[in-house]
Amino acid sequence: MENNSSTIIPLTDLLAEVRACTVCEESLPLGARPVVQISSTAKLLIIGQAPGTKVHATGVPWNDPSGDRLRDWLAMGRDVFYDPSQVAIMPMGFCYPGKGRGGDLPPRPECAEHWHGRLLASMPNVRLTLLVGRYAQQAYLPEKFSTLTECVKQWARYAPLFMPLVHPSPRNRRWLSNNAWFEKEVVPVLRERVAALGLS
């Protein structure tokens, strides 16, 4: 990811800049409301897609049915999940992008281009990054797969730093039903790797 500034500033100041960002506001149907959860001590980083309408309304990341399923996959309670000192959340797009024909529009590209490099530099203790969905996987994995399924099947190749996951959206119920190997084989390993971080 591009880092648009070589100047290192305190994380509190950087987060204030992020939350005041209006770079692509004119393209956002509900306006800008960047949703991130970042700290310099976090060991787990979750990179997903972009907030939905419920997350936009509350300002709380993964505060929806997708988040419920993700926390179940992680075997993690909300108290740990929402503790920024342990878990960082940095989506590909920080604001709700709008509705498309088959669901929400793709994340706006400006966020990753403008902010990801600077935020990653402020998180030196991250030991595991979950890449949730194709947008995060295409941005952070060196190989490009023709389908999300093929990418997730190759999850072991990216250990120990990354783990690609299907998005836990209710829209993916059919995918999960057709790919029972994911919850049978991948989710138990995911839980083991998260447990090894010692989050509590």
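Residues numbered from 1 in each chain as written. Predicted model: local features only at pLDDT ≥ 70, side-chain atom pairs only at ≥ 80, totals over all residues. Heavy atoms only, no water.

J.: For this particular structure, what's the right way to read the overall build of the protein?
T.: Counting its regular elements, the protein contains 9 helices and 6 strands. Taken over the C-alpha trace, the protein has a radius of gyration of 16 Å; the compact-globule value for 200 residues is 16 Å, and the two agree within 12%. For the C-alpha atoms alone, the extent of the protein along its principal axes is close to 45 × 40 × 35 Å. Across the 200 residues that make up the protein, the buried fraction comes to 49%. Sequence separation of 24 or more characterises 72% of the internal contacts of the protein that already satisfy a separation of 6 or more. Accessible surface for the protein amounts to roughly 9800 Å². Of this, 50% is attributable to carbon and sulfur atoms. Each charge class in the protein was averaged separately, 22 positive and 18 negative side chains, and the resulting centres sit 6 Å apart. (Helix = DSSP H or I, 4+ residues; strand = E, 2+ residues; numbered from the N terminus. Rg over C-alpha atoms; globule rule 2.2 N^0.38 Å. Buried < 20%, exposed > 50% of the residue type's maximum accessible area, 1.4 Å probe, protein only. Contact = heavy atoms within 4.5 Å. Areas by Shrake-Rupley, 256 points an atom, 1.4 Å probe, with all protein chains shown as cover. Lys, Arg positive; Asp, Glu negative; His and termini not counted. Charge placed at Lys NZ, Arg CZ, Asp CG, Glu CD.)

J.: Sorry, what's going on with the packing of aromatic side chains here?
T.: For any two aromatic rings, the description comes down to two numbers: the centre-to-centre distance and the angle of the planes. Going through the model one piece at a time under the given rule, you end up with 5 aromatic pairs. Note on Trp175 and Phe182: the rings are 5.8 Å apart at their centroids and 75° apart in plane angle, and the pair reads as edge-to-face. Neither Trp175 nor Phe182 differs from the other in exposure class; each is buried. When the ring of Trp181 is compared with that of Phe182, the centres are 6.2 Å apart and the planes differ by 80°; the resulting orientation is edge-to-face. Owing to a relative accessible area of 18%, Trp181 belongs among the buried residues under this scheme. (Phe/Tyr/Trp six-rings, centres within 6.5 Å; stacked < 30°, edge-to-face > 60°.)

J.: Teacher, can you tell me more about the pairing of strand S5 (residues 128-132) here?
T.: For a regular strand, side-chain orientation follows a simple rule: the groups alternate between the two sheet faces. Of all 5 residues making up S5, 5 are buried, and the element is well covered by its neighbours. Residues of S5 alternate between two faces, with Leu128, Leu130 and Val132 on one and Thr129 and Leu131 on the opposite face, all of them buried. With 4 bridges connecting them, strand S1 (residues 44-47) and S5 associate as parallel partners. Residue pairing in the sheet places Leu45 in a bridge with Thr129 of S5. Strand direction decides the pairing type here: S5 and strand S6 (residues 162-165), joined by 4 bridges, are parallel. Opposite Leu131, over in S6, you have Pro164 as the bridge partner. (Pairing = 2+ DSSP bridges.)

J.: Would you explain the sheet that holds S5 in this entry?
T.: Within a sheet, each strand pairs with its neighbour through backbone hydrogen bonds, oriented either parallel or antiparallel. The 4 strands lie next to each other as S2-S1-S5-S6, forming an open sheet whose pairing is parallel. Looking at strand neighbours, the two that pair on one side only are strand S2 (87-89) and S6, the edges of this open sheet. Between one strand axis and the next, the sheet turns by 20° as a mean value, whatever way the strands run. (Axes fitted to C-alpha atoms, helices over the stretch in contact; angles between N-to-C directions.)

J.: I tried to follow the pattern of salt bridges on my own but got confused; where do I start?
T.: Pairing between side chains of opposite charge can happen when their charged atoms approach one another. The tally for this structure, following the rule as stated, stands at 6 salt bridges. A salt bridge links Glu17 to Arg118; its shortest N-O distance comes to 3.5 Å. You can see Glu17 sitting in helix H1 (residues 11-19) and its partner Arg118 sitting in helix H5 (residues 110-121), a full 101 residues away along the chain. Relative accessible area serves as the criterion here: at 12%, Arg118 is assigned to the buried category. A salt bridge links Asp68 to Arg71, with the shortest nitrogen-to-oxygen separation between them at 2.9 Å. Taken together, the residues Asp68 and Arg71, both in helix H3 (residues 65-74) and 3 residues apart, mark about one turn of the helix. Judged by relative accessible area, which is 46%, Asp68 ranks as partly exposed. (Salt bridge = Lys/Arg side-chain N within 4 Å of Asp/Glu carboxyl O.)

J.: Please clarify how the layout of surface pockets should be interpreted in this entry.
T.: By rolling a water-sized probe across the atoms, one finds the places where empty space is left. Space inside the largest pocket adds up to approximately 830 Å³. Counting only elements with at least two residues in the lining of the largest pocket, the list comes to helix H2 (53-58), H3 and strand S4 (103-104). Per element, the largest residue contribution to the lining of the largest pocket is 3 residues, and it comes from H2. Class assignment of the residues belonging to the lining of the largest pocket gives a composition of 19 nonpolar, 10 polar and 5 charged. (1 Å grid on protein atoms, 1.4 Å probe; cavity = no way out; pocket = protein on both sides within 12 Å on 5 of 7 lines; lining within 4 Å. Points joined across faces, edges and corners; volume = space filled by probe spheres on them. Nonpolar A, V, L, I, M, F, W, Y, C, P; charged D, E, K, R; others polar.)

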